[in-house]
Protein chains: 2
Amino acid sequence: MTGRLEAQFAFLNEADKLKQVLRATTLADGSRRENSGEHSWHLALYAMVLADQAAPGVSIDRVLRMLILHDLVEIDVGDVPIHSANGAAHGSAETVAAEAAAADRIFGLLPADLGADLRALWEEFEAAESPDAVFAKALDRVQPVMHNIESGGGTWISYNVTAEQLEARVGTKVARGAPALWDWVRGRTRAFFDGRA
Amino acid sequence: MTGRLEAQFAFLNEADKLKQVLRATTLADGSRRENSGEHSWHLALYAMVLADQAAPGVSIDRVLRMLILHDLVEIDVGDVPIHSANGAAHGSAETVAAEAAAADRIFGLLPADLGADLRALWEEFEAAESPDAVFAKALDRVQPVMHNIESGGGTWISYNVTAEQLEARVGTKVARGAPALWDWVRGRTRAFFDGRA
Ligand SMILES: [Ca+2]
């Protein structure tokens, strides 16, 4: 048992580093960049509060677990902003390979049984095929949109994003998991994009 | 439905402020103070990883939800460090009343059904009576201990804490929800306290 706790805390102490990974997106008030630890917390709260936007059969309990661990690989790889490199860096073969190596290292700190469970959840999230993963991904995409709305543009300004690019890179993925939610949020983005057109 | 989403996002945007509430405890590497948003995320990960330390019958799914929202009242009240005022500020009548008023305001932003559900979970956590709450509280108490161990003393130095005070203020509460865990962690604290005796 002692060896097991040793491994569990090696992982939990390593995970602490996610609080030092900075994202492109700021807090809602624009005062500073958000880190990936607090972002993961906020998404878990999104899942609890927006559960009524999920498709029938989605397990919010599994969505919560996915969201809590979905960004851990960023400890090694960093955050790859969705609008960076004109939308091409996110999901590139290089990023995917680096994230898999990070998952080997980080989930490998855990006792084998637990590491396998958590890694399987992370892979399910990344695959974005199961209804739980599709809903979790929708929340991960919609939260930065809300922060850009609240802060008056945020990364849409720094990456010079158009309404069409937002729809293609973000909207389609939110709509896949939560169509009514995207309808409503898209309406909230109009003031910003109409003002720039 | 639109009015409902309006209320859901009023709450989620307000919750973002928890990322600006600073705790006494630092990150594990001592580099800066931890905020209550990222702390809540870390505790949720603790619950996933240390689930095997919970008493039979504890629902980790409910523990996760409690931990995700347990600190929201700090948006209004701030964090009250466990070792501050020689251990007397935490749980004082003033703090309890201020936290109840904060819960009225913050959970009151939500649609009434959802606000009542989340508030009930927060009250269950605060009451620290149900097995789920007792385990959630144990994790909330043990994480700062790990950070003090990792960073070489942390708040034990700033508040001049003795091994006996740690046992009374923290150890008894961790042991109540996770006795084997506290046995192990107490052992890890010895190097620090023996060095000071
Ligand atoms: Ca806490």
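Residues numbered from 1 in each chain as written. Chains lettered and ligands numbered in written order. Predicted model: local features only at pLDDT ≥ 70, side-chain atom pairs only at ≥ 80, totals over all residues. Heavy atoms only, no water.

Chain A carries the name HD domain-containing protein in an unreviewed UniProt entry, which gives Frigidibacter albus as its organism.

Engineer: Residues and numbers for the overall build of chain A, please.
Structural biologist: Across its full length, chain A carries 10 helices and two strands. What you see for chain A is a C-alpha radius of gyration of 17 Å, in line with the 16 Å of a compact globule of 197 residues. The principal-axis extent of the C-alpha atoms belonging to chain A is close to 60 × 35 × 30 Å. In chain A, 70% of the contacts between residues at least 6 apart in sequence involve partners at least 24 apart. (Helix = DSSP H or I, 4+ residues; strand = E, 2+ residues; numbered from the N terminus. Rg over C-alpha atoms; globule rule 2.2 N^0.38 Å. Contact = heavy atoms within 4.5 Å.)

Engineer: Describe the pairing of strand E1 (residues 22-26) of chain A, with residues and values.
Structural biologist: Two faces belong to every sheet, and in a regular strand the side chains alternate between them. Residue and element names in this part refer to chain A. Relative to strand E2 (residues 33-35), E1 is paired through two bridges, and the arrangement is antiparallel. When the sheet's bridge partners are listed, Thr 26 is paired in E2 with Arg 33. Linkage of E1 to E2, two consecutive antiparallel strands, is achieved through a turn of six residues, within which Gly 30 is found at a positive phi near 75°. (Pairing = 2+ DSSP bridges.)

Engineer: Lay out the UniProt feature "domain: HD" (unreviewed entry) in chain A with the relevant residues and their values.
Structural biologist: Those places that UniProt annotates as "domain: HD" (unreviewed entry) correspond, in this numbering, to residues 15-182 of chain A. For residues 15-182 of chain A, helix accounts for 62% and strand for 5%, while the C-alpha atoms at its two ends are 31 Å apart. (UniProt positions renumbered as here; feature names shortened; annotations may be inferred.)

Engineer: Give me the lowdown on the pattern of salt bridges, citing residues and values where you can.
Structural biologist: Two side chains that carry opposite charge are able to pair once their charged atoms sit near each other. Residues and elements named next belong to chain A. Summed over all chains, the structure comprises 38 salt bridges over all chains. One salt bridge connects Asp 76 with Arg 105, and the closest N-O pair in it is separated by 2.8 Å. Of the two residues, Asp 76 is situated in helix H4 (residues 74-77) and Arg 105 in helix H5 (residues 93-107); the sequence distance between them amounts to 29 residues. Look at Arg 105 and you get partly exposed, because its relative accessible area is 34%. Residue Arg 186 is joined to Glu 167 by a salt bridge in which the shortest nitrogen-to-oxygen separation is 3.1 Å. (Salt bridge = Lys/Arg side-chain N within 4 Å of Asp/Glu carboxyl O. Buried < 20%, exposed > 50% of the residue type's maximum accessible area, 1.4 Å probe, protein only.)

Engineer: A description of the interface of chain A and chain B should follow, citing residues and the corresponding values.
Structural biologist: At the junction of the two partners, chain A supplies 53 residues and chain B supplies 53 residues. Carbon and sulfur atoms supply 66% of the area that chain A and chain B bury against each other, a total of about 4700 Å² over both sides. Across the chain A-chain B interface, the total number found is six salt bridges. Between Asp61(B) and Arg65(A) there is a salt bridge whose closest N-O contact spans 3.2 Å. (Buried area = accessible area lost by both parts, 1.4 Å probe.)

Engineer: Account for helix H3 (residues 60-69) of chain A, naming residues and giving values.
Structural biologist: When you tally the buried positions in H3(A), you get seven out of 10 residues, the bulk of the element. Every buried residue belonging to H3(A) is among Ile60(A), Val63(A), Leu64(A), Met66(A), Leu67(A), Ile68(A) and Leu69(A), and all of these are buried.

Engineer: Describe the coordination of the calcium ion, listing the residues and the values that go with them.
Structural biologist: Residues and elements named next belong to chain B. The calcium ion binds to the protein through His 39 (NE2), His 70 (NE2), Asp 71 (OD), Asp 71 (OD), Asp 140 (OD) and Asp 140 (OD); the donor distances cover 2.4 to 3.2 Å. Around the calcium ion sit six donor atoms, and with donor-metal-donor angles ranging over 42 to 152° the site reads as irregular. Positions of the donor residues of the calcium ion, expressed as sequence spacing, correspond to H-x30-H-D-x68-D. Exposure class is identical for His 70 and Asp 71. Each is buried. (Donors = N, O, S within 2.8 Å, 3.2 Å for Na, K, Ca; no water. Tetrahedral: all angles 85-135°; square planar, octahedral: opposite > 155°, others 65-115°.)

Engineer: Can you explain the relation of the copies chain A and chain B? Please cite residues and give values.
Structural biologist: It takes a turn of 180° to lay chain A on chain B, together with a shift of 0.0 Å along the axis; the resulting RMSD is 0.0 Å. The transformation relating the two chain copies, once decomposed into turn and shift, fits a two-fold axis. Here 100% of the contact residues of chain A are again contact residues in chain B; the copies associate through an equivalent surface. (Least-squares fit on C-alpha atoms with pLDDT ≥ 70 in both.)

Engineer: Give a detailed account of the packing of aromatic side chains, specifying residues and quantitative values.
Structural biologist: Think of a pair of aromatic rings as described by two things: how far the centres are apart, and how the planes are tilted against each other in angle. Using the criterion set out here, one finds 14 aromatic pairs over all chains in the structure. Judged by centre distance (5.3 Å) and plane angle (5°), the ring pair of Trp184(A) and Phe9(B) falls under stacked. Here the residue Trp184(A) occupies a position in helix H10 (residues 179-196), and Phe9(B) occupies one in helix H1 (residues 2-15), the pair thus bridging two chains. The class for Trp184(A) is buried, based on a relative accessible area of 12%. Through a chain of ring-to-ring contacts, three or more aromatic side chains come together here, namely Phe9(A), Tyr46(B) and Trp184(B). (Phe/Tyr/Trp six-rings, centres within 6.5 Å; stacked < 30°, edge-to-face > 60°.)

Engineer: Break down the side chain of Gln53(B) for me, with residues and values.
Structural biologist: Looking at where Gln53(B) falls in the secondary structure, it is placed in the loop between helix H2 (36-49) and helix H3 (60-69). Of note is the side chain of Gln53(B), whose polar atom sits 3.3 Å from the backbone nitrogen of Leu181(B). (Polar contact = N/O pair within 3.5 Å; in protein donor to acceptor, adjacent residues only side chain to side chain.)

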